[in-house]
Amino acid sequence: MRFLPLLFALSLTLAASPKEINSFNGKFVQTIVDDNGKKIVYSGELWASKPQNALWVYQKPIQKSVYINAQKITVIEPSIEQVTLRTLDEEIDFLQIIQKAKKVDNEKYSATVKGQTYTVTFKNDLLNSISYTDGYDNRVTILFNNPTQNKPIDSGKFKPTIPSEYDIIKG
């Protein structure tokens, strides 16, 4: 199961939304269910802010930090002392998803981008969840807890610190 493409897309999407999100912070639970019903659940916290900055800190079942700065991605995995550096090439820009989102009701929006349909929900004007089926037929849902929007986030939060002893993989 692949979960990073959604993370990248989501991070870019948070740059703007029907609710005018300039910054976002919230704990999340990401659930991925494959076509055989096998489920994997991740949890952690997300910080995102314009323009295209995000930090996903996964706490369970693995620890890793995913930094997204414009088109650059840095994934730090302490358990294996490894850092992966990538660029976003073919990933879907979540901003594009939000811009194309059409209101379904007071809390739900829907958008289809590059053949992929996304559902974005808000509760009390706060981003509540994002769900879609990925290219591997996995059903992906990210539910946010205690979200805050449009509060300043120090730009230093989005700058990764890479321990010198970690292996670096460029991909």
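Cut-offs used in this document
Residues numbered from 1 in each chain as written. Predicted model: local features only at pLDDT ≥ 70, side-chain atom pairs only at ≥ 80, totals over all residues. Heavy atoms only, no water. Helix = DSSP H or I, 4+ residues; strand = E, 2+ residues; numbered from the N terminus. Buried < 20%, exposed > 50% of the residue type's maximum accessible area, 1.4 Å probe, protein only. Contact = heavy atoms within 4.5 Å. Areas by Shrake-Rupley, 256 points an atom, 1.4 Å probe, with all protein chains shown as cover. Pairing = 2+ DSSP bridges. Salt bridge = Lys/Arg side-chain N within 4 Å of Asp/Glu carboxyl O. Phe/Tyr/Trp six-rings, centres within 6.5 Å; stacked < 30°, edge-to-face > 60°.

(A) Fine view of the overall build of the protein. In terms of helices and strands, the protein carries two helices and twelve strands. The buried share of the protein, taken over its 171 residues, is 47%. Taking the contacts inside the protein whose residues are at least 6 apart along the sequence as the reference set, 50% of them involve residues at least 24 apart. Total accessible area computed for the protein in this model is approximately 9000 Å², and 47% of it derives from carbon and sulfur atoms.

(B) Structural view of the sheet that holds strand 4 (residues 64-69). With mixed pairing, the twelve strands of this open sheet are ordered in space as 7-8-9-10-11-1-2-3-4-5-6-12. The open sheet is flanked by strand 7 (102-103) and strand 12 (167-170), the only strands paired with a single partner. Bridging between strand 7 and strand 8 (residues 108-113) involves two bridges; their strand directions are antiparallel. Bridge assignment links K102 to a residue of strand 8, and that residue is S110.

(C) Just the pattern of salt bridges, in detail. For the structure shown, the criterion picks out two salt bridges. For K64, the salt bridge goes to E77, with nearest N and O atoms at 3.6 Å. Taken together, the positions of K64 in strand 4 and E77 in strand 5 (residues 72-77) put the pair 13 residues apart, joining distant regions of the chain. Judged on exposure class, the residue K64 and its partner E77 are both buried.

(D) Broad picture of the packing of aromatic side chains. Using the criterion set out here, one finds seven aromatic pairs in the structure. Geometrically, the ring pair formed by F24 and F144 is edge-to-face, given 4.9 Å between the ring centres and 75° between the ring planes. With F24 in strand 1 (residues 23-33) and F144 in strand 11 (residues 139-149), this residue pair connects regions lying 120 residues apart in the sequence. Like F144, F24 is buried. Taking 5.2 Å as the distance between ring centres and 80° as the angle between the ring planes, the aromatic pair formed by F28 and Y58 counts as edge-to-face. With F28 in strand 1 and Y58 in strand 3 (residues 53-60), this pair connects stretches of sequence that are 30 residues apart.

(E) Region of interest: unusual backbone geometry. Cis rather than trans, the peptide bond between K60 and P61 has omega equal to -5°. For D137, which is not glycine, the phi dihedral falls at a positive 65°. Turning to its location among the elements, D137 is positioned in the loop between strand 10 (126-133) and strand 11.

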